[in-house]
Amino acid sequence: MKKRRIGRSSLPLFLCAVMMLLCLVPLAACGGHDVESGAGQSDYPVTINEVTLSAEPEGVAVLSPNLADVVLALRYEVSLKARSEDCTQSDLAILPTVSLEDPQAIRDSGATLVLTEEAPTEEQKKAAADAGLTILVLSPATNREDLTRLYTQVGSAFKGAATGYHQGEKIAKNILMTIDDVRRVIPESDVVVTVCFLLDDQGGAVTGDCFAGKLIESLGFANAANDGAGNQVELSVIANASPSYLFCPTGMKDTIAAAEAFKDLEAVQQGRIFEIDPHLLQWQGNSITQGITEIVGSIYPELLSEPGVSSAASQPPESSGAAAATELKPGDENETVKNLQLRLQELGYLFVSPTGLYGEGTEQSVKDFQLLNGLEVTGIADEQTLELLYSDAAKPRTD
């Protein structure tokens, strides 16, 4: 059989066909795996909102307090090199403050990637590029489902389309599970509880079109400002709804209570006005868990742990009998569980009375502890959880 030879006239066409075949994969990959389609098989290159990262960034600067909160929830803060002035989380206090007005200062901090929620101007883009910076704009989550989008995007920006994406997916799932767990411990009732988070006394309120409004709704409460938009609502709408509970930013309780527009509200007449740091509903990291816990605890104080913690709570379980267990789980009932509950109470996580029974309240508290201490959130107090819980490194719920 004669071997078929490729003539000179056919050679250019042949080479072109080969190049097209060889480029099929690179053409798909040259822009990086787009996380909009899900997790990638490998980490890099990765494309997020049309921005392609070819490798893990040397360092990251975060210019949004909300994104900073997500980074902390992902436990990726070790990669942060700088922050904007409004990123006031205590864990980031050591970082230098920067802005896009001085891109060279950002680069000098060791960052090559900038995370922001505000689109930069063309001038800022050019200055950042000249300084060797990549700017990635990420919008906040608008609802529960969108929270996963935000977390997978931030995770992918730090660690790539596989590692970072899966971490983001996992942490978002854990936060949503925590919200659902809090919802489950709320007492069942035929009466719908109406609440309103007022931002000021002029019609500023958490409305139904924002993430915080949807959080309130997910807890089973009716939001008196649900029909407003952009965190603004007519005062008459709130008056007609007459919420049973009012929440407001720290330091505004007296102003709200004295406002003429609110004097006839049930919440005002019954003295049910509670101050909460508004960041706990605005920021979408671990603040979410603390925010909903404070809201639920204000409405149902019986779910909160009783004051007065025994000093024994700081001590690990005894090393004999039932206390020798290396894992505690829902359904267990013994003195070791009560010791666990006392320690969780001491650290500010437990919102039910210590009884020795590992019920839903204890499971939720363990999940919260695991979430805020960088452990896998399972609700089971395994050996790793117990070891950290009774150590000086245990992070209390104070932020």
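Residues numbered from 1 in each chain as written. Predicted model: local features only at pLDDT ≥ 70, side-chain atom pairs only at ≥ 80, totals over all residues. Heavy atoms only, no water.

1. With respect to the overall build of the chain
Alright, step 1. Scanning the chain from N- to C-terminus turns up 15 helices and 11 strands.
Alright, step 2. Here the chain holds 399 residues, and 48% of them are scored as buried.
Alright, step 3. Partitioning the intrachain contacts of the chain with sequence separation of at least 6 by distance along the chain shows that 59% fall at a separation of at least 24. (Helix = DSSP H or I, 4+ residues; strand = E, 2+ residues; numbered from the N terminus. Buried < 20%, exposed > 50% of the residue type's maximum accessible area, 1.4 Å probe, protein only. Contact = heavy atoms within 4.5 Å.)

2. Description of the sheet that holds strand 9 (residues 222–223)
Alright, step 1. Taken in spatial order, the 4 strands of this open sheet run 9-8-10-11, and their pairing is parallel. Strands at the two margins of the open sheet, each flanked by one partner only, are strand 9 and strand 11 (273–275).
Alright, step 2. By the bridge criterion, 3 bridges tie strand 10 (residues 245–248) to strand 11 in an arrangement that is parallel. The residue of strand 11 that forms the bridge with F247 is F274.
Alright, step 3. Along the sheet, helix 12 (residues 287–299) contacts strand 8 (194–197), strand 10 and strand 11; its crossing angle with strand 10, the most-contacted strand, is approximately 145°. (Pairing = 2+ DSSP bridges. Axes fitted to C-alpha atoms, helices over the stretch in contact; angles between N-to-C directions.)

3. Digging into the pattern of salt bridges
Alright, step 1. Inspection of every chain in the model, using the stated rule, returns 12 salt bridges.
Alright, step 2. Between R107 and E58 there is a salt bridge, with its nearest N and O atoms 3.5 Å apart. Pair noted here: R107 is in helix 3 (residues 103–108) and E58 is in the loop between strand 3 (51–53) and strand 4 (60–62), with a separation of 49 residues, a long-range link.
Alright, step 3. Residue classification places E58 among the exposed residues on the basis of a relative accessible area of 59%.
Alright, step 4. Here D146 ties to R149 by a salt bridge, and the two come within 2.8 Å at their closest N and O atoms. Pair noted here: D146 and R149 are both in helix 5 (residues 144–159), with a separation of 3 residues, about one helical turn.
Alright, step 5. In this structure D146 comes out as buried when scored by relative accessible area, which is 17%. (Salt bridge = Lys/Arg side-chain N within 4 Å of Asp/Glu carboxyl O.)

4. Notes on helix 12
Alright, step 1. Here helix 12 contains 13 residues, and its C-alpha end-to-end distance of 19 Å stays within 8% of the 18 Å for a straight helix at 1.5 Å per residue.
Alright, step 2. Counting buried positions along helix 12 yields 12 of 13 residues, so the element is predominantly enclosed.
Alright, step 3. Within the sequence span of helix 12, burial applies to S287, I288, T289, Q290, G291, I292, T293, I295, V296, G297, S298 and I299. (Expected span 1.5 Å × (residues − 1).)

5. Section: the environment of D181
Alright, step 1. You can see D181 is positioned in helix 6 (residues 163–185).
Alright, step 2. On the basis of relative accessible area, D181 is assigned to the buried category, the value being 9%.

6. Details of the sheet that holds strand 1 (residues 33–34)
Alright, step 1. Taken in spatial order, the 3 strands of this open sheet run 1-2-3, and their pairing is mixed. Of all strands in the sheet, those with a lone pairing partner are strand 1 and strand 3, marking the two edges.
Alright, step 2. Sheet analysis places strand 1 next to strand 2 (residues 46–48), joined by 2 bridges and oriented parallel. When the sheet's bridge partners are listed, D34 is paired in strand 2 with T47.

7. A look at the confidence of the model for the chain
Alright, step 1. With 86% of its residues at a pLDDT of at least 70, the chain reaches an overall mean of 86.
Alright, step 2. When the criterion is pLDDT under 50, residues 13–29 qualifies, and its contacts beyond four places in sequence or with other chains add up to 2 contacts.
Alright, step 3. Between residues 305–313, whose pLDDT stays under 50, and residues either more than four places distant or in other chains, the model counts 16 contacts. (pLDDT = per-residue confidence, 0-100.)

8. Notes on the packing of helix 6 against helix 12
Alright, step 1. Orientation of helix 6 relative to helix 12, taken along the N-to-C sense of each, is 5°, at an axis distance of 10 Å. Overall, the two elements helix 6 and helix 12 adopt an arrangement that is roughly parallel. On helix 12, the residues that touch I175, T178, I179 and V182 of helix 6 are I288, T289, I292, T293 and V296.
Alright, step 2. Tallied by class, the residues present in the contact of helix 6 with helix 12 amount to 6 nonpolar, 3 polar and no charged. (Parallel < 35°, antiparallel > 145°, perpendicular 65-115°, else oblique. Nonpolar A, V, L, I, M, F, W, Y, C, P; charged D, E, K, R; others polar.)

9. Some thoughts on the nonpolar core
If you look at soluble globular proteins, the nonpolar side chains tend to sit buried side by side.
Alright, step 1. Core analysis: the biggest nonpolar cluster contains 67 residues, and L115, Y151, V154, F221 and I299 have the highest contact counts within it.
Alright, step 2. F221 has contacts with I186, V193, V195, I216, I295, V296, I299 and Y300, leaving out every residue within four places of it along the chain.
Alright, step 3. In terms of nonpolar packing, the next biggest core, distinct from the first, is built from 18 residues, Y349, L350, Y358 and L389 among them. (Core = buried A, V, L, I, M, F, W, Y, C linked by side-chain atoms within 4.5 Å.)

10. Remarks on the environment of T289
Alright, step 1. Tracing the backbone through its elements, the reader meets T289 in helix 12.
Alright, step 2. Residues T289 and L176 lie 113 residues apart in sequence; the distance between their C-alpha atoms is 9.2 Å.
Alright, step 3. Leaving out residues up to four positions away in the same chain, T289 has contacts with T178, D368, L371 and R397.

11. Focus on the packing of aromatic side chains
Alright, step 1. Across all of its chains, the model carries 4 aromatic pairs by this definition.
Alright, step 2. Members of the aromatic cluster, connected to one another through ring pairs, are Y245, F247 and F274. (Phe/Tyr/Trp six-rings, centres within 6.5 Å; stacked < 30°, edge-to-face > 60°.)

12. Overview of a negative patch on the surface
Alright, step 1. A contiguous patch of negative charge on the surface is contributed by E101, D102, D108 and E123.
Alright, step 2. Inspection of the secondary structure assignment puts E123 in helix 4 (residues 122–130).
Alright, step 3. For E123, a relative accessible area of 68% translates into the label exposed. (Patch = residues over 30% accessible without salt bridge, like charges linked within 9 Å, V, L, I, M, F, W, Y side chains within 5 Å. Areas by Shrake-Rupley, 256 points an atom, 1.4 Å probe, with all protein chains shown as cover. Lys, Arg positive; Asp, Glu negative; His and termini not counted. Charge placed at Lys NZ, Arg CZ, Asp CG, Glu CD.)

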